[in-house]
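Next come the chains, spelled out residue by residue.
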Amino acid sequence: MALFIDLGNRTIGEILIGSIVDADLTQLMRCDPGYLLGIQIDALVPLIYHQSFAGFSQNLVNSLVNSLKNIIIKGVDQNYIFPPSSPDNVRGMLITAIGGACWQESPDLIRVVYDTTQAGGKNYYVLDNAGNKISFPNAIMLAHELSHAFHFVNGDTSSLPEVQAETDENSFRDQVGFPERNAATHDGGFGLPDAEDIPLCP
Ligand SMILES: [Zn+2]
């Protein structure tokens, strides 16, 4: 077990956000019944996974759960500001500027942070190959950030890490029949009134 949900200070708000992360992971893993929450240790809830569904996202999570490194996922709201412990490129930034981030904090610790609120309900978007704004729902954002985590774990982060993560993200988009983004651009933002979610698993 090496993948965790961080419940922060365990205030009611953070527990609720933790339950959104759990729901997002359930969608990411397409309701694989082998996905379970373990027993909480301090603020961390370990994820347990006995994989029974084959697929890009299930394989991704399975490799992270079985990793020797710790990967900690923290869901936040639209008011989150990246703390002093975060890397230079995001420190002090408001989460809505990027939606989510993943970084290696120490050799054995990787952090994932993402906005569970879709910018307070305004909805994030990215661009497709024609330059159109397309939806970037929570489970896809999480797949993108967990792709970065996967490559940190494997020590094979590309010299173009966003192209790498966006290519993986497109594998998940394909898996759920959702439009692909242009993997060559990191452009995006929030403000998409008619955003769609991925097809929900049973
Ligand atoms: Zn990224």
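Residues numbered from 1 in each chain as written. Predicted model: local features only at pLDDT ≥ 70, side-chain atom pairs only at ≥ 80, totals over all residues.

Caption draft 1: Spotlight on the sheet that holds strand E7 (residues 124-127). Strand order in the open sheet formed by three strands is E8-E7-E9, and the pairing between neighbours is antiparallel. One side of each edge strand has no neighbouring strand; the edge strands of this open sheet are strand E8 (133-135) and strand E9 (188-190). Across the sheet, the mean angle separating the axes of adjacent strands is 35° when strand polarity is ignored. In this sheet, E9 lies alongside E7 in antiparallel orientation, the contact comprising three bridges. If you follow Val126 over to E9, its bridge partner there is Gly188. (Pairing = 2+ DSSP bridges. Helix = DSSP H or I, 4+ residues; strand = E, 2+ residues; numbered from the N terminus. Axes fitted to C-alpha atoms, helices over the stretch in contact; angles between N-to-C directions.)

Caption draft 2: A look at unusual backbone geometry. Positive phi is not limited to glycine here, since Arg30 has a value of about 55°. If you check the backbone angles, Gln118 has positive phi at about 55° while not being a glycine. If you trace the backbone, Gln118 turns up in helix H3 (residues 118-121).

Caption draft 3: Highlighting the pairing of strand E3 (residues 44-49). Only one face of E3 is buried, namely the one carrying Val45, Leu47 and Tyr49, since none of Leu44, Pro46 and Ile48 on the opposite face is buried. The pairing of strand E1 (residues 3-6) with E3 spans three bridges and is classified as antiparallel. Considered in E3, the bridge of Ile5 is made with Val45. Summarising the sheet, strand E2 (residues 35-37) and E3 pair through three bridges and their orientation is antiparallel. Across the sheet, Leu37 pairs through a bridge with Leu47, a residue of E3. Count of turn residues in the E2/E3 antiparallel hairpin: six residues, of which Asp42 carries a positive phi of about 50°. (Buried ≥ 20, exposed ≤ 12 C-beta atoms within 10 Å, placed from the backbone.)

Caption draft 4: The arrangement of the sheet that holds E1 in detail. Read across the open sheet, the six strands follow the order E2-E3-E1-E4-E6-E5; overall the sheet is mixed. The open sheet terminates on both sides in strands that have one partner only, identified here as E2 and strand E5 (100-106). Taking each pair of neighbouring strands and ignoring which way they run, the sheet shows an average axis angle of 25°. By the bridge criterion, three bridges tie E1 to strand E4 (residues 70-76) in an arrangement that is parallel. Opposite Phe4, over in E4, you have Ile72 as the bridge partner.

Caption draft 5: Region of interest: helix H5 (residues 161-175). Between its first and last C-alpha atoms H5 spans 21 Å; for 15 residues at 1.5 Å apiece the expected length is 21 Å, and the two agree. If you check which residues of H5 are buried, you get Ala165, Glu166, Asp168, Glu169, Asn170, Phe172 and Arg173. Residues of H5 that are buried sit in contact with helix H2 (56-65) and helix H4 (138-154). Following H5 by one or two positions, Gly177 has its phi on the positive side, about 65°. (Expected span 1.5 Å × (residues − 1). Contact = placed C-beta atoms within 7 Å.)

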